Amino acid sequence: MNKTLSVNAADNIRIFSAAMVEKANSGHPGGAMGGADFIHILYTEFLNFDPNDMSWPFRDRFFLDPGHMSPMLYSVLAFFEFYAIEDIKNFRQWGSVTPGHPELDVARGIENTSGPLGLGQAMAVGAAIAERFLAARFGEWTMHKTYTFVSDGGIQEGISQGAGRIAGFLGLHNLIMFYDANEIQLSTRTDEVTAEDTAKKYEAWGWNVITIKGNDHEEIRYALKSAIREQERPTLIIGKTIMGKGLKLEDGSSFESQVSTHGQPVSKAGASFPKTIEMLGGDPDEPFRIFPEVMEYYKQVSRNKAAFAIRKKQQQSDWEKENPELAEKLHSYLSGELPDLDLYSIHLKDNIATRAASGAVLEYLAQHVENMIVLSADLSNSDKTEGFIKGGARPFGRGDFTGGFLHTGVSELTMAALANGIALHGGIHVACGTFFVFSDFMKPAIRLAALMELPVTYIWTHDAFRVGEDGPTHQPVEQEAQIRLMEKVKNHSGRNSMLVLRPADTFETLEAWMMAMHNTNSPTGLILTRQAVRNIPDIPGTDRISQVKQTSKGAYVVMGPDHEPDLLLIANGSEVISLIEIAHRLKNEHGISARVISVISEGLFRSQPKSYQEDLIPTGVPSFGLTAGLRVNLEGLVGCNGQVYGMDHFGYSAPAAVLEEKFGFTIDNIYREVMRYIQGKRL
């Protein structure tokens, strides 16, 4: 390709990037202008995709980490005609398909929602793991690369260590990361906040590191070719780029490498927008114009990519004819369909903790869902994700992806982001586990999964103060209230952005796992107990399996009269069993008919018809709620005239039985609390 045309195309991206931010009067032009050279070379000469089928499963992926550099990505995709010029002009505006930070839109070439720095690169690692998982099962003809673009901020974020460490440990040679090292961040120069040797850091993690002039097209090509040839290590390309490359003052002198250009329009930063556009070869009065020669070149590139995809798809077709059984399996993977699951066939002991029941489910899933990956943050023996290993899913090792389990080490946020990347890639069911209190580490990745509507399952165990001796640092008192807020937030499709399930016993745990496996519209959180509470048997019932099917409505009657009850007793998780015993005492000692309701998911319950909600929790009937978390967990369910007994502190260190007594969670004390409430209501 003619070098002048190559530079002109990159300059055209710079013009678009500056103009988008200028018109919106909001955004980040400097980094996008500096990264234009790499993004142009990558997309035109290296990134394989089908312009006519952007969801082609075996395309290369590009994960943008610094979402604020979206003008760069939107520009190159506009050159491929995935965005209209009008879309580019409406950058950051209401109803636009070009939001300030890119949001998942595979049809237009956006592989991930990005914004919180560091998450994009970790999701890229997850996608690269997914690619190796599939290649290990169907052959190297499925091979494709995962590229990710990071900035100084993404390198500084702590999640970069987890992502870098794991990618190097696994030997993900299909992963290529470009580090846009322009030495400028939003408020300062990078040398004012760090003096680390990034190259040595990644080399220590087992990466192949190449350092280049990041705006030199020949050096970019050399680095990418070298990275593609690498067969044992992920590659980091450190591109020494120029922040705000091409920016000019009114007199034509340079205004490059200025901190001010990171996060505001170039005119506000101190540069001359008209002079910059002019000297880059554009028209200041009409900056949103693709140069004719650039437009023609991108059209030819698009044709070439479509032809390449046709050849690859023919290769797949030939393979399928030779391997019909594997081909059928591959299509079932990619479709996301599940085999018939009979979780109720699992033999479970009576009165076990719900984490133990979950472990048994994972053992079953390892034997029946071949395209599943489970991750755990150094807690597999405690969160019972080791059940997946017991079921036959060996842990991944360096260069070995024939198993299905990933020990991520102590890195909960990284783990959650990897799970996002695996889900984004497609073709694989994914779950990850840790203690519930450590969900706090995971929140940014959970939030992105909810926004992107990713079917990731979170396994959270040790769900209450009953963790005991570990004390308040490990007792998730407020975490349920936090995570259930996600059930109250709607995603862009208008559905609850998350499904949060806290099962009351083994049967509800089985049903919760069924719901999680079939939930394709959002992430699912399973909140599970460390131990069975007070050796009370599982919820009684002559046909418990039929009864527990009502869990799919978010709440159902566990026990109670057919007619309108005198009292409603509402809980989820361990507390449901306590309320059952109290309901029996109320009936036997006072003739009070209480309805016990298990609300495994308030968000799901609130999505049911109003008639069902009113029938289950009728207005005007006195209501008492019990929660091992904050009272707010149930206050919306019991109503303003109801009462909730719950926690209002962080907990203390002592055996679980002692804490139950000290915190008033014994049956006798809860019974007294219920009686005080009843007496106040004069039942």
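Residues numbered from 1 in each chain as written. Predicted model: local features only at pLDDT ≥ 70, side-chain atom pairs only at ≥ 80, totals over all residues. Heavy atoms only, no water.

Caption draft 1: Looking closely at the pattern of salt bridges. The final tally for this structure, using the stated rule, is 34 salt bridges. One salt bridge connects Asp505 with Arg544, and the closest N-O pair in it is separated by 3.2 Å. Here Arg544 lies in helix H21 (residues 544-548) and Asp505 lies in the loop between strand S10 (499-501) and helix H20 (506-518), a separation of 39 residues in the sequence. Using a relative accessible area of 4% as the deciding quantity, one classes Arg544 as buried. If you follow the salt bridges from partner to partner, you end up with Asp463, Arg466, Arg502, Glu575 and Glu660 in one network. (Salt bridge = Lys/Arg side-chain N within 4 Å of Asp/Glu carboxyl O. Helix = DSSP H or I, 4+ residues; strand = E, 2+ residues; numbered from the N terminus. Buried < 20%, exposed > 50% of the residue type's maximum accessible area, 1.4 Å probe, protein only.)

Caption draft 2: Structural detail: a negative patch on the surface. On the surface, Glu564, Asp566, Glu614 and Asp615 cluster together to form a negatively charged patch. The topology assignment puts Glu614 in helix H24 (residues 610-616). (Patch = residues over 30% accessible without salt bridge, like charges linked within 9 Å, V, L, I, M, F, W, Y side chains within 5 Å. Areas by Shrake-Rupley, 256 points an atom, 1.4 Å probe, with all protein chains shown as cover. Lys, Arg positive; Asp, Glu negative; His and termini not counted. Charge placed at Lys NZ, Arg CZ, Asp CG, Glu CD.)

Caption draft 3: Highlighting the sheet that holds strand S4 (residues 208-213). Strand order in the open sheet formed by five strands is S1-S2-S3-S5-S4, with parallel pairing between adjacent strands. Both edges of this open sheet fall to strand S1 (61-64) and S4, since each of them pairs with a single strand only. Direction aside, the axes of adjacent strands within the sheet are offset by 20° on average. Two strands pair when backbone bridges link them, and S1 and strand S2 (residues 146-151) are joined in this way by four bridges, in the parallel orientation. Pairing of Phe63 across the sheet is with Thr148, part of S2. (Pairing = 2+ DSSP bridges. Axes fitted to C-alpha atoms, helices over the stretch in contact; angles between N-to-C directions.)

Caption draft 4: Geometry of helix H13 (residues 292-322). Spanning 31 residues, H13 covers 46 Å between terminal C-alpha atoms, matching the ideal 45 Å at 1.5 Å per step. Three or more residues of H13 are buried, namely Val294, Tyr297, Tyr298, Val301, Ser302, Lys305, Ala306, Ala309, Gln316 and Trp319. (Expected span 1.5 Å × (residues − 1).)

Caption draft 5: Up close: empty space enclosed by the protein. Under the criterion given, the structure shown has five cavities of 30 Å³ or more. Counted as a void, the second largest cavity has a volume near 90 Å³. Per-class residue counts for the lining of the second largest cavity are eight nonpolar, one polar and four charged. (1 Å grid on protein atoms, 1.4 Å probe; cavity = no way out; pocket = protein on both sides within 12 Å on 5 of 7 lines; lining within 4 Å. Points joined across faces, edges and corners; volume = space filled by probe spheres on them. Nonpolar A, V, L, I, M, F, W, Y, C, P; charged D, E, K, R; others polar.)

Caption draft 6: View of unusual backbone geometry. Positive phi values are uncommon outside glycine, yet Ser257 reaches one of about 60°. Mapped onto the elements, Ser257 comes out in the loop between strand S5 (235-240) and helix H11 (266-269). For Asn351, which is not glycine, the phi dihedral falls at a positive 55°. By the secondary structure assignment, Asn351 is in the loop between helix H14 (324-335) and helix H15 (354-368).

Caption draft 7: Looking closely at the packing of helix H3 (residues 36-46) against helix H10 (residues 217-229). For the pair H3 and H10, the least separation of the axes is 10 Å and the interaxial angle reads 50°. On the basis of the axis angle, H3 is oblique to H10. Crossing handedness for the pair H3 and H10: right-handed. Between H3 and H10, the residues in contact are Asp37, Phe38, His40, Ile41, Leu42, Glu45 and Phe46 and His217, Ile220, Arg221, Leu224, Lys225 and Ile228, respectively. Residue composition of the contact of H3 with H10, by class: seven nonpolar, two polar and four charged. (Parallel < 35°, antiparallel > 145°, perpendicular 65-115°, else oblique. Left-handed = near helix turned anticlockwise from the far one by under 90°. Contact = heavy atoms within 4.5 Å.)

Caption draft 8: Region of interest: the environment of Asp105. Along the chain, Asp105 turns up in the loop between helix H5 (85-89) and helix H6 (119-138). Along the chain, Asp105 and Met54 lie 51 residues apart, while their C-alpha atoms are 9.8 Å from each other. Not counting residues within four places of it along the chain, the set of residues in contact with Asp105 comprises Tyr83 and Ile110.

Caption draft 9: Molecular detail of the nonpolar core. In this structure, Leu365, Met372, Trp513, Leu569 and Leu586 are the most contacted members of the largest nonpolar core, which totals 85 residues. Not counting the four nearest positions on each side in its chain, Trp513 is found in contact with Leu343, Ser358, Val361, Leu362, Leu365, Met372, Ala431, Thr457, Ile459 and Leu526. Formed by 74 residues, the second largest nonpolar core is a distinct cluster that contains Ala127, Ala130, Ala327 and Leu375. (Core = buried A, V, L, I, M, F, W, Y, C linked by side-chain atoms within 4.5 Å.)

Caption draft 10: How the structure looks around the pairing of strand S13 (residues 567-571). Burial analysis of S13 places five of its five residues in the buried class, which makes it a mostly covered element. The alternating pattern of S13 places Leu567, Leu569 and Ala571 and Leu568 and Ile570 on opposite faces, both of which are buried. Pairing geometry for S13 and strand S14 (residues 594-599), over five bridges, is parallel. Within the sheet, the bridge partner assigned to Leu568 lies in S14 and is Arg595. Viewed along the sheet, the connection from S13 through helix H22 (residues 575-590) into S14 turns out right-handed. (Right-handed = clockwise from strand over helix to strand, strands pointing away.)

Caption draft 11: Structural context of the environment of Val361. With respect to the secondary-structure elements, Val361 resides in helix H15. The spacing of Val361 and Gly387 is 26 residues in sequence and 7.6 Å in space, taken between C-alpha atoms. Not counting the four nearest positions on each side in its chain, Val361 is found in contact with Leu343, Ile346, Leu510 and Trp513.

Caption draft 12: Highlighting the layout of surface pockets. Estimates place the volume of the largest pocket at around 540 Å³. Ala423, Gly426, Gly427, Ile428 and Pro455 are, among the 28 residues lining the largest pocket, the residues nearest its centre. When contributions to the lining of the largest pocket are tallied by element, the ones reaching two or more residues are H14, helix H17 (412-425), strand S8 (429-435) and H20.

Caption draft 13: A look at the pairing of strand S3 (residues 175-180). Within S3, six of the six residues are buried, which leaves it mostly tucked inside the rest of the structure. Residues Leu175, Met177 and Tyr179 of S3 are buried on one face, and the alternating residues Ile176, Phe178 and Asp180, pointing to the opposite face, are buried as well. Note that S2 and S3 share six bridges and pair parallel. Counted as the bridge partner of Val150 is Tyr179 from S3.

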